[in-house]
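# Notes for the structure review
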Amino acid sequence: MSLQFGYAILYVPSVPEAIAFYERAFGFADSFLHEGKDYGELKTGATKLAFTSHELAEKAVPFKYIPATPEGKKLGVEFTLTFPDVDGLFQRALEAGAVEVSAPHDMPWGQRVAYVADIHGFVVGLATPMT
C-alpha cells in the first residue's frame, strides 16, 4: 500500500453553501453530504475536497484553528485547481461569487495563473497544467 494525499478539508460555517458554491464556480459534482449537513465531499479526482462545519470541527478535531473569513488577511495556505482555460474559469468563479485576489497572468515558467477567494475567504489558485 502506498501513501496517498486523500483529503483537503475546509472548515466552513455552512457545508451545503460551500458545496453549492464549488459546484457553481468550478463545476465539481457533489459526492457526499452527511445527513446532518455538517460534512460533505466533492468529486475532484484522486484527492477529495471536503468541508466540515465549524460546529462539527469544534467537537471532532483535537486542535484550535483560525477560521477563514472573507474579510481581512488570508490564511497562509492555498489549494490550486488546474485547468487549460484559466481565464474562463476565473470569470466563472467571479460570477459564482468568488472575489478576485489576482487576475489571470503568465508566470516565467510558462503557467497561466490567477487567484480568487471563495465565499468563506479561502484562497483558490487557478493554473494551467504544467507541461
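Residues numbered from 1 in each chain as written. Predicted model: local features only at pLDDT ≥ 70, side-chain atom pairs only at ≥ 80, totals over all residues. Heavy atoms only, no water.

## Some points on the overall build of the chain
Looking only at helices and strands, the chain has three helices and eight strands in total. Each helix and strand of the chain, placed in order from N terminus to C terminus, yields the pattern β-α-β-β-β-α-β-α-β-β-β. For 131 residues, the compact-globule estimate of 2.2 N^0.38 gives 14 Å, and the chain sits close to it at 15 Å. Expressed as a percentage of its 131 residues, the buried residues of the chain come to 37%. Across the chain, contacts joining residues at least 24 apart in sequence account for 53% of those joining residues at least 6 apart. About 7,900 Å² of surface is accessible on the chain, with carbon and sulfur atoms providing 57% of the total. (Helix = DSSP H or I, 4+ residues; strand = E, 2+ residues; numbered from the N terminus. Rg over C-alpha atoms; globule rule 2.2 N^0.38 Å. Buried < 20%, exposed > 50% of the residue type's maximum accessible area, 1.4 Å probe, protein only. Contact = heavy atoms within 4.5 Å. Areas by Shrake-Rupley, 256 points an atom, 1.4 Å probe, with all protein chains shown as cover.)

## Digging into the packing of aromatic side chains
For the coordinates displayed, the defined rule picks out nine aromatic pairs. Between tyrosine 11 and phenylalanine 63, the ring centres sit 6.5 Å apart and the planes meet at 40 degrees, which makes this aromatic pair tilted. With a gap of 52 residues between them, tyrosine 11 in strand β1 (residues 7–12) and phenylalanine 63 in the loop between α2 (54–60) and β5 (78–82) connect regions that are remote in the sequence. By relative accessible area, tyrosine 11 is classed as buried at 18%. Ring plane angle 45 degrees and centroid distance 4.7 Å describe the contact between tyrosine 11 and tyrosine 65, whose orientation is recorded as tilted. Here tyrosine 11 is found in strand β1, whereas its partner tyrosine 65 is found in the loop between α2 and β5, with 54 residues between them in sequence. Through successive ring pairs, a cluster of aromatic residues spans Phe21, Tyr22, Phe26, Phe28, Phe51 and Phe79. (Phe/Tyr/Trp six-rings, centres within 6.5 Å; stacked < 30°, edge-to-face > 60°.)

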